[in-house]
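Structural features, examined
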Amino acid sequence: MRKRLTKIQAVRGMNDILPSDSPFWHKIESVFQRLAESYGYQEIRTPIVESTTLFTHAIGELTDIVEKEMYTFSDKNGEKLSLRPEGTASCVRAGIQHGLFYNQIQRLWYVGPMFRHERPQKGRYRQFHQFGIEAYGFSGADIDAEIILLSRRLWRELNLEEHVHLQLNSLGTLAERNQYREKLVEYFKDNISLLDEDSHRRLENNPLRILDSKNQAMQELIQKAPSFLDYLGSESLSHFQQLQSLLSDNGVKFTINPRLVRGLDYYGSTVFEWVCDHLGAQSTVCAGGRYDQLVETHGGKPTPAIGFAGGIERLILILESLGQSYQQTVHAYLVLNSDKATQAGIKIAETLRQAVPGLNLVTNCGGGSYKSQFKKADKSGATIALILGDTEIGQDKISIKPLREDTSQQLITIENLIEQLTSIVNEEKR
Ligand code: HAM
């Protein structure tokens, strides 16, 4: 006999999505897909594994993601590969590789797993899932507003609008960032004794990243740092003001947060985060911004770009904290009262599924007493039970018993049943 394995557990920070959770996932994914398509965005699916260089180059050597969090390995040919920590770099790579940016605009969406070796805690996992939007070829503030409005619509559809808040900043142009950077380095050098080890290291190479530090002890220093907004040139300022005006015009409330720099290096101009108080320390549910240089620095022609990504697990935490729940719908459960009924029932069930589009019908399998089958019917959440026994077969009919209201059982024809099931399915869709 083979040796029994000790119990294998999932990898730390990587979660199973169990059947009871699936309806949340289906709800979020289907609402997001429908919304993205309603704004003309098209789906893109990229591989989960890419060349490590893609991410180090796009996200930045001195970011937490690249320095500490990537799952990197060499494959059998010695090629250095990484599990994707985010989706933007892959969209840029795919767009360049397939010529999607040549004299074309692109509006793309995606959903999928991402991997970061962070310390797991509530709302922070090593495998997590993002829904994302990326738009290419648009340089104006109109597209910035569009994607923020799209995200606002998602909160609306999920009844979350009053629970999330938008933070906005502009990181200007490269020249403006360089000028700001100098001032920031001066400021931090004047306060060098207050910097932690990470910030010391970043002071020369990537001082903006210090503003993104989560170290509580440094928050006061960060709050008092020079504000980026004082270094924006007239074009950057005008773009930022246009965006604010479009958002206000559409009733989007926001706070300007001059310390918002984001954890990835590719951003410039508009950056934003949607935050929620229900999430504890991991309060950002969705975030993004402009990355107008990224396509060019990856070998494509200059292509303005903007996007965002949201965390599905964090969204579910918010929905749960608000007591929202979703269930997979079962319209009918077929109780089979004899061997003969099982034989006939399987055939009738197929006829019903064929005749009623959208019908969710569970057939009792594995036998069992009338009572135990009814218990299963009740547990399934079905609206009605259908009962097939020898009496029903003898009369070419079927019995129907509503499970969620106090109405008696009725014996009806299959034609009549099809009508009733159609109206149950249509009622549920409304
Ligand atoms: P990000 O801010 O790194 O941006 O991630 C976006 C969202 O993914 C976060 O706001 C959060 O909801 C979720 N998330 C990130 N890390 C974790 C984690 N360890 N566990 C659970 N959820 C997490 C990006 O990834 C950019 N690619 C967004 C973007 C798209 N910018 C432009 N286009």
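This report concerns the structure included in the present document.

With that out of the way, let us pick up the site of the ligand. In the neighbourhood of the ligand, 26 residues make up the surrounding shell, with Glu86, Thr88, Glu118, Glu134 and Tyr267 lying closest. At a separation of 2.9 Å, a nitrogen atom of the ligand approaches a polar backbone atom of Tyr125. One of the backbone N or O atoms of Gly307 is found 3.5 Å from a nitrogen atom in the ligand. Coverage of the ligand by the protein amounts to 96% of the 660 Å² it exposes when considered alone. When residues of the shell around the ligand are traced back to their parent elements, those giving at least two are strand S6 (127–136), strand S10 (284–290) and strand S11 (305–311).

Here we have 8 strands laid out as an open sheet, ordered S1-S5-S6-S11-S10-S9-S7-S8, and mixed in their pairing. Unpaired on one side and paired on the other, strand S1 (42–43) and strand S8 (254–256) mark the two borders of the sheet. Sheet topology note: the S6/S11 ladder contains 7 bridges and is antiparallel. Pairing of Ala135 across the sheet is with Ile306, part of S11. Where helix H1 (residues 22–38) meets the sheet, its contacts fall on strand S5 (106–115), S6 and S11, and the angle it forms with S5 comes to roughly 160°.

A few words on the side chain of Asn169. Its place among the elements puts Asn169 in strand S7 (residues 164–170). Exposure remark for Asn169: the relative accessible area of 0% places this residue in the buried category. Within the structure, Asn169 has its side chain in polar contact with the backbone oxygen of Pro258 (distance 3.3 Å). Within the structure, the side chain of Asn169 is placed 2.9 Å from the backbone oxygen of Leu260, a separation counted as a polar contact. For Asn169, the residues in contact, after removing those within four places along its chain, are Leu229, Phe240, Asn257, Pro258, Arg259, Leu260, Ser269, Thr270 and Val271.

In total, this model carries 13 aromatic pairs according to the counting rule given. Residues Phe24 and Tyr326 carry aromatic rings whose centres are separated by 5.4 Å and whose planes lie at 90° to one another, so their mutual orientation is edge-to-face. Placement of the pair is Phe24 in helix H1 and Tyr326 in the loop between helix H11 (312–321) and strand S12 (332–336), with a sequence separation of 302 residues. Between Phe101 and Tyr136, the aromatic rings sit 4.4 Å apart at their centres with planes inclined by 35°, giving tilted as the arrangement. In this pair, Phe101 sits in the loop between helix H4 (88–97) and S5 while Tyr136 sits in strand S6, placing the two residues 35 residues apart along the sequence. Accessibility expressed as a relative area gives 0% for Tyr136, which makes it buried. Members of the aromatic cluster, joined through ring pairs, are Phe101, Tyr136, Tyr266, Tyr267 and Tyr291.

Next up on the list: the packing of H1 against H11. Between H1 and H11, whose axes approach to 11 Å, the crossing angle comes to 115°. By the angle class used here, H1 and H11 are roughly perpendicular. You can see that H1 and H11 cross each other, and the crossing is right-handed. Side by side, H1 and H11 meet where Phe24, Trp25, Ile28 and Glu29 of the first sit next to Ile312, Glu313, Leu315, Ile316, Leu319 and Glu320 of the second.

A word on the nonpolar core. One finds Trp155 and Trp274 to be the most contacted residues of the largest nonpolar core, which totals 93 residues. At 9 residues, helix H5 (residues 141–157) tops the list of elements feeding residues into this core. Filtering out sequence-adjacent residues up to four positions away, Trp274 remains in contact with Ile148, Ser151, Arg152, Trp155, Val164, His165, Leu166, Val252, Ser283, Thr284, Val285 and Cys286. Formed by 21 residues, the second largest nonpolar core is a distinct cluster that contains Leu359, Leu361, Leu388 and Ile400.

Cut-offs and rules
Residues numbered from 1 in each chain as written. Predicted model: local features only at pLDDT ≥ 70, side-chain atom pairs only at ≥ 80, totals over all residues. Heavy atoms only, no water. Near = heavy atom within 4 Å. Polar contact = N/O pair within 3.5 Å; in protein donor to acceptor, adjacent residues only side chain to side chain. Areas by Shrake-Rupley, 256 points an atom, 1.4 Å probe, with all protein chains shown as cover. Helix = DSSP H or I, 4+ residues; strand = E, 2+ residues; numbered from the N terminus. Pairing = 2+ DSSP bridges. Contact = heavy atoms within 4.5 Å. Axes fitted to C-alpha atoms, helices over the stretch in contact; angles between N-to-C directions. Buried < 20%, exposed > 50% of the residue type's maximum accessible area, 1.4 Å probe, protein only. Phe/Tyr/Trp six-rings, centres within 6.5 Å; stacked < 30°, edge-to-face > 60°. Parallel < 35°, antiparallel > 145°, perpendicular 65-115°, else oblique. Left-handed = near helix turned anticlockwise from the far one by under 90°. Core = buried A, V, L, I, M, F, W, Y, C linked by side-chain atoms within 4.5 Å.

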